Amino acid sequence: MDQFHTHRRRLMAATAAAVGSSLAGLPVWAKAAYPNKPIRFIVPFNPGGATDIVARVLGEAMSKQLGQPIVVENKAGAAGMLGTDQIAKAAPDGYNVLVSLSTSMLINQYLYTKMAYNPQKDLLLLSELASAPVTLVVHPSVPANNMQELLAWVKANKGKVSYGSWGVGSYAHLGGAYMSKTMGADMSHVAYRGEAPMIQELIGGQLQLCFSSAQNTKPFIDNGRLKVIGVTGKTRMAVLPQVPTIYEQGVTDDAYAIAGFVGMALPAGTPKEVVDALSAAIQHAAQDPKVKERMDGAGFLPVFSSPDAFAKTYAQAAPVWKSLVELAEAKVD
């Protein structure tokens, strides 16, 4: 009997040692079910913007599915590149997630000659959360009520029109530069630190026009302090259903027909099991009425795509943005 128990103890000890040895060689995420601690959403823009609001409502919904808190951190600067670079260089374990715009995830690689990260190599595209069309608004003094009239007006007022943006390389910058270039309008570009100060300057008459999110322009459209000309993309916004797209108005240039995106990404190399868990949580959150309400309120068109579908959309949009940067002559050294 003693010999039996001795043999059994040795066998159990050998088995435990073998299991311990095999676990030691596995990455940290594999030793415990994912997630087993709070997750960070990095938003590379200031608090209070449309992307920040979407990240927060989405984080709240996804945390219920994942069973862990999701903390939103804002790391603004360098046209979204500071926060995006943080994710590009983070451990690929699923605990650091980027929620950003096409600006930092796609456009900047064509805009800047030097970048600290390569979005196509350093990021794993997780989901296109929403298409992000914007409104084109003007000061009420501008004598134009549709896109054709606005284009004719800026052309007739060469060198006298100023347009705003929330930063170099933003759609507001590129769209305005494209308009100026194609109309020979020689418009002046004024870049601001965010949309809110840009809108205040437009209301005050320091600018004549700008592209901006519906979240920031709708209150002023409703009270008559701004006049809306149209929206970008090819689909009307749920929050402004009466406003036609620029495309509908017969101005079908790719520069106005394309819309940016709100996307979610991970560091390249994140394990499939982690990607699948986050993807499932995103799809679950997409059914939350509060998420849809916030998306609509920002003027976004919910998408919630799979990683494969996002990669396909990204590949189709990339050459359009590249061409737009080149045509606008917006390259930054």
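The coordinates are above.
Residues numbered from 1 in each chain as written. Predicted model: local features only at pLDDT ≥ 70, side-chain atom pairs only at ≥ 80, totals over all residues. Heavy atoms only, no water.

K.L.:
Looking at this structure, I do not really get the overall build of the chain. What am I missing?
P.N.:
On a plain count of helices and strands, the chain comes out with 14 helices and 11 strands. Split into buried and exposed, the 333 residues of the chain put 51% on the buried side. Long-range contacts, defined as pairs at least 24 residues apart, comprise 77% of the intrachain contacts of the chain with a sequence gap of at least 6. Element-wise, carbon and sulfur atoms account for 54% of the exposed surface of the chain, whose accessible area totals about 14,900 Å². The average position of the 29 basic charges and that of the 25 acidic charges among the side chains of the chain differ by 4 Å. (Helix = DSSP H or I, 4+ residues; strand = E, 2+ residues; numbered from the N terminus. Buried < 20%, exposed > 50% of the residue type's maximum accessible area, 1.4 Å probe, protein only. Contact = heavy atoms within 4.5 Å. Areas by Shrake-Rupley, 256 points an atom, 1.4 Å probe, with all protein chains shown as cover. Lys, Arg positive; Asp, Glu negative; His and termini not counted. Charge placed at Lys NZ, Arg CZ, Asp CG, Glu CD.)

K.L.:
What am I meant to see in the pattern of salt bridges here?
P.N.:
If the charged atoms of two oppositely charged side chains come close together, the side chains can form a pair. For the coordinates displayed, the defined rule picks out 10 salt bridges. For Lys218, the salt bridge goes to Asp222, with nearest N and O atoms at 2.7 Å. Note that Lys218 and Asp222 are positioned in helix α10 (residues 214-222) at a spacing of four residues, about one turn of the helix. Looking at Lys218, the relative accessible area reads 24%, which means it is partly exposed. (Salt bridge = Lys/Arg side-chain N within 4 Å of Asp/Glu carboxyl O.)

K.L.:
When you look at the packing of aromatic side chains in this model, what are you seeing that I'm missing?
P.N.:
Here the distance between the centres and the angle between the planes together describe a pair of aromatic rings. For the structure on display, the rule yields seven aromatic pairs. Residue placement shows Lys37 over the ring face of Tyr95; its charged tip is 4.7 Å from the ring centre. (Phe/Tyr/Trp six-rings, centres within 6.5 Å; stacked < 30°, edge-to-face > 60°. Lys NZ or Arg CZ within 6 Å of the ring centre and 35° of its normal.)

K.L.:
Teacher, can you tell me more about the packing of helix α5 (residues 102-111) against helix α14 (residues 307-328) here?
P.N.:
Packed helix pairs are characterised by how far apart their axes lie and by the angle those axes make with each other. Interaxial distance between α5 and α14 falls to 9 Å at its minimum, and their mutual angle equals 35°. Relative to α14, the crossing made by α5 is right-handed. Where α5 approaches α14, its residues Met105, Leu106, Ile107, Gln109, Tyr110 and Leu111 are matched on the opposing element by Phe310, Tyr314, Ala317, Ala318, Trp321, Lys322 and Val325. Taken together, the residues of the contact of α5 with α14 break down into 11 nonpolar, one polar and one charged. (Axes fitted to C-alpha atoms, helices over the stretch in contact; angles between N-to-C directions. Left-handed = near helix turned anticlockwise from the far one by under 90°. Nonpolar A, V, L, I, M, F, W, Y, C, P; charged D, E, K, R; others polar.)

K.L.:
Would you mind showing me how to read the nonpolar core here?
P.N.:
Soluble globular proteins: nonpolar side chains tend toward being buried together. Membership of the largest hydrophobic core comes to 72 residues, with the highest contact counts inside it found for Met147, Leu150, Met179, Leu209 and Tyr256. The element best represented in this core is α14, accounting for eight residues. (Core = buried A, V, L, I, M, F, W, Y, C linked by side-chain atoms within 4.5 Å.)

K.L.:
How should the side chain of Thr103 be read in this particular structure?
P.N.:
Mapped onto the elements of the fold, Thr103 is located in helix α5. The class of Thr103 is buried, set by a relative accessible area of 7%. Leave out the neighbours within four places in its chain, and Thr103 touches Ala79, Asn108, Gly169 and Ser170.

K.L.:
I would appreciate a short explanation of the pairing of strand β1 (residues 39-43) in the present structure.
P.N.:
Looking down a regular strand, the side chains alternate between one sheet face and the other. In terms of burial, β1 is largely enclosed, as four of its five residues are buried. For the crossover that starts at β1, traverses helix α3 (residues 50-66) and ends in the parallel strand β2 (residues 70-74), the hand is right-handed. (Right-handed = clockwise from strand over helix to strand, strands pointing away.)

K.L.:
So what exactly am I meant to see when it comes to α3 here?
P.N.:
The α-helix advances 3.6 residues per turn, and as a result positions three or four apart in sequence lie on the same side. For α3, built from 17 residues, the straight-helix expectation of 24 Å at 1.5 Å per residue is met to within 8% by its first-to-last C-alpha distance of 24 Å. Across the 17 residues of α3, 12 count as buried, placing the element largely inside the fold. Within α3, burial applies to Ala50, Thr51, Asp52, Val54, Ala55, Val57, Leu58, Gly59, Ala61, Met62, Ser63 and Leu66. Just beyond α3, the residue with positive phi is Gly67, at close to 75°. (Expected span 1.5 Å × (residues − 1).)

K.L.:
Just to check I follow, could you spell out the sheet that holds strand β8 (residues 209-212) for this structure?
P.N.:
What holds strands together in a sheet is hydrogen bonding between their backbones, with the strands either parallel or antiparallel. Strand order in this open sheet of five strands is β7-β6-β8-β5-β9, and the pairing throughout is mixed. One side of each edge strand has no neighbouring strand; the edge strands of this open sheet are β7 (188-191) and β9 (227-231). The average angle at which neighbouring strand axes cross in this sheet is 25°, direction not considered. Direction of pairing for strand β5 (residues 135-138) relative to β8: antiparallel, over a ladder of four bridges. Residue pairing in the sheet places Val138 in a bridge with Leu209 of β8. The sheet strands contacting helix α8 (residues 171-183) are β5, β6 (162-165), β7 and β8, and the helix crosses β6 at an angle near 155°. The sheet strands contacting α10 are β5, β8 and β9, and the helix crosses β5 at an angle near 40°. (Pairing = 2+ DSSP bridges.)

K.L.:
Just to check I follow, could you spell out helix α13 (residues 289-297) for this structure?
P.N.:
Those residues of α13 that fall on the buried side of the exposure criterion are Val291, Met295 and Asp296. Viewed end-on, α13 has its buried residues packed into an arc of 130°, placing them on one side of the element. Exposed positions of α13 whose direction lies more than 90 degrees from the buried face are Pro289 and Glu293. Packed against the buried residues of α13 are α3, β4 (123-132), α12 (272-285) and β11 (301-302). Taken from the residues just after α13, Gly299 is the one with a positive phi, measuring 85°. (Arc of directions from axis to C-beta.)

K.L.:
For this particular structure, what's the right way to read the pairing of β5?
P.N.:
Going residue by residue along β5, you find Thr135 and Val137 tucked away on one face and Leu136 and Val138 tucked away on the opposite face as well. Bridging between β5 and β9 involves four bridges; their strand directions are antiparallel. Looking at the pairing, Thr135 lines up with Val231 of β9.

K.L.:
Is there a simple way to explain the environment of Asn74 in this structure?
P.N.:
With respect to the helices and strands, the residue Asn74 is situated in strand β2. For the pair Asn74 and Ala330, spaced 256 residues apart in sequence, the C-alpha to C-alpha distance is 26 Å. Aside from chain neighbours lying at most four places away, what touches Asn74 is Val43, Phe45, Asn46, Pro47, Asp52 and Arg56. Among the polar contacts made by the side chain of Asn74, one reaches the side chain of Asp52 at a distance of 2.9 Å. (Polar contact = N/O pair within 3.5 Å; in protein donor to acceptor, adjacent residues only side chain to side chain.)

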